[in-house]
Amino acid sequence: MPASNESPRVGVIMGSKSDWPVMEHAVGMLERLGVPYETRVVSAHRTPDLLFDYAKSAAERGLSVIIAGAGGAAHLPGMVASQTALPVLGVPVESKALKGLDSLLSIVQMPGGIAVGTLAIGKAGATNAGLMAAQIVGLQDDGVRAAVEAFRAEQTRTVLDNPDPRPNP
Ligand SMILES: Nc1c(C(=O)O)ncn1[C@@H]1O[C@H](COP(=O)(O)O)[C@@H](O)[C@H]1O
């Protein structure tokens, strides 16, 4: 469920329900930073008409950013980017056969002229996609920008307060 009743600013889509354990980390970050979002399974391969409708209507529905996660032949982020001028952040989901290298290369190697911002494979990439989407929304939303700054400051404090790397010093 979205973080609030406000209309969604970020669309979090993924090629399959099976991507959720990774993509929930993007959603977790958006919730933490108070960014309204929506989630949906959309597949370039399995639901091409839905993909076109979703991407073409995204801006007029009020979205500012789309996060698209997919694994294997991960065409979803690039195809979404081809149908909207909104920024698209691609998250390579780890695949069983090739451990996400296939997903990464499918997403990152876009032809010049259609941009996808590609994040790291898996959980860290999904987390950072949520963070980067919040940073983009924060360009026009002071509350979200303040939440991003507070998150970053807390992260720095946590590291500085725990300088000893040993598990049980
Ligand atoms: N890469 C894509 C696309 C797409 O790019 O449109 N649609 C589904 N998939 C991916 O197929 C993988 C296996 O999906 P299933 O687990 O449903 O078989 C998922 O990681 C999904 O993102």
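Each chain has its residues counted from 1, following the order in which its sequence is written. Where totals are concerned, whole chains, interfaces and linings use all residues; where local detail is concerned, this predicted model gives features only for residues with pLDDT of at least 70, and gives and counts side-chain atom pairs only at 80 or more.

### Considerations on the environment of Lys-123
Numbered from the N terminus, helices here are DSSP runs of H or I no shorter than four residues, and strands are runs of E no shorter than two. With respect to the element layout, Lys-123 can be found in helix α5 (residues 123-138). For Lys-123 and Ala-73, which are 50 residues apart along the polypeptide, the C-alpha to C-alpha distance reads 19 Å. Once C-beta atoms are placed from the backbone, any two residues with those atoms within 7 Å are in contact. When residues no more than four places from it in sequence are discounted, the contact partners of Lys-123 are Val-22 and His-25.

### Some details on helix α4 (residues 101-108)
Three exposure classes are used, based on other C-beta atoms lying within 10 Å of a residue's own C-beta, which is placed from the backbone: buried for 20 or more, exposed for 12 or fewer, and partly exposed in between. Looking at α4, one finds that the buried residues are Ser-103, Leu-104, Ser-106 and Ile-107. Buried residues along α4 cover an arc of 165 degrees about the axis, so they all sit on one side. Looking at the buried side of α4, the elements it contacts are β3 (65-71), α3 (76-82), β4 (88-93) and β5 (117-118). Arc, as used here, means the arc of the directions from the helix axis to the C-beta atoms.

### With respect to the UniProt feature "binding site: substrate" (unreviewed entry) in the chain
Per the UniProt annotation, the sites labelled "binding site: substrate" (unreviewed entry) are Ser-16, Asp-19 and Arg-46. Following the sequence through the fold, Ser-16 ends up in the loop between β1 (10-14) and α1 (20-32). You can call Ser-16 partly exposed: it has 18 C-beta atoms within 10 Å. Those residues in contact with Ser-16 that lie beyond four places of it in its chain are Val-41 and Ser-43. Looking at the element boundaries, Arg-46 is found in the loop between β2 (37-41) and α2 (48-57). UniProt positions are given in the numbering used here, feature names are shortened, and annotations may be inferred rather than shown by experiment.

### So, the sheet that holds β1
Strand pairs in the sheet, formed through backbone hydrogen bonds, run parallel or antiparallel to each other. Pairing between two strands requires that DSSP report at least two bridges joining them. Strands sit in the order β2-β1-β3-β4-β5 across an open sheet of five strands; the sheet is parallel. Taken across any chain shown, the strands that pair with only one partner, and hence form the sheet edges, are β2 and β5. Note that β1 and β2 share five bridges and pair parallel. Paired with Ile-13 across the bridge in β2 is Arg-40. Along the sheet, α5 makes contact with β1, β3, β4 and β5, crossing β4 at roughly 170 degrees. Each axis is a line fitted through C-alpha atoms, taken for helices only over the stretch in contact, and angles between the N-to-C directions span 0 to 180 degrees.

### Some points on the site of the ligand
In this analysis, residues qualify as near a molecule or strand once their C-beta atom, positioned from backbone atoms, comes within 6 Å of it. Close to the ligand lie 17 residues; Gly-15, Ser-16, Ser-18, Ala-44 and Gly-71 are nearest. Any residue that is not Ala, Val, Leu, Ile, Met, Phe, Trp, Tyr, Cys, Pro, Asp, Glu, Lys or Arg is counted as polar, Gly included; the first ten are nonpolar and the last four charged. Within the shell around the ligand, the residues separate by chemical class into seven nonpolar, eight polar and two charged.

### Some points on the UniProt feature "domain: PurE" (unreviewed entry) in the chain
Per the UniProt entry, the sites bearing "domain: PurE" (unreviewed entry) are residues 8-159 in this numbering. With 47% helix and 16% strand, the stretch residues 8-159 has end C-alpha atoms that lie 33 Å from each other.

### Description of the packing of α1 against α5
At a minimum axis distance of 7 Å, the contact between α1 and α5 shows a crossing angle of 30 degrees. Between α1 and α5, the interaxial angle falls into the category roughly parallel. Regarding α1 and α5, the two cross each other, and that crossing is right-handed. Across the interface between the two elements, Val-22, Met-23, His-25, Ala-26, Val-27, Gly-28, Met-29 and Leu-30 of α1 pack against Lys-123, Ala-126, Thr-127, Ala-129, Gly-130, Leu-131, Ala-133 and Ala-134 of α5. Split into classes, the residues belonging to the contact of α1 with α5 amount to 11 nonpolar, four polar and one charged. Throughout, the term roughly parallel applies to angles under 35 degrees, roughly antiparallel to angles over 145, roughly perpendicular to angles from 65 to 115, and oblique to all others. Each helix crossing is assigned a hand: it is left-handed if the near helix lies turned anticlockwise from the far helix by less than a right angle, otherwise right-handed if that turn is clockwise.

### Describing the packing of α5 against helix α6 (residues 142-161)
Between α5 and α6, the shortest axis-to-axis distance is 7 Å and the interhelical angle comes to 140 degrees. Accordingly, the angle class assigned to the pair α5 and α6 is oblique. Our pair here, α5 against α6, has a crossing hand that is left-handed. Contacts between α5 and α6 pair Ala-134, Gln-135, Val-137 and Gly-138 from the former with Val-144, Arg-145 and Val-148 from the latter. When grouped by side-chain class, the residues that make up the contact of α5 with α6 number four nonpolar, two polar and one charged.

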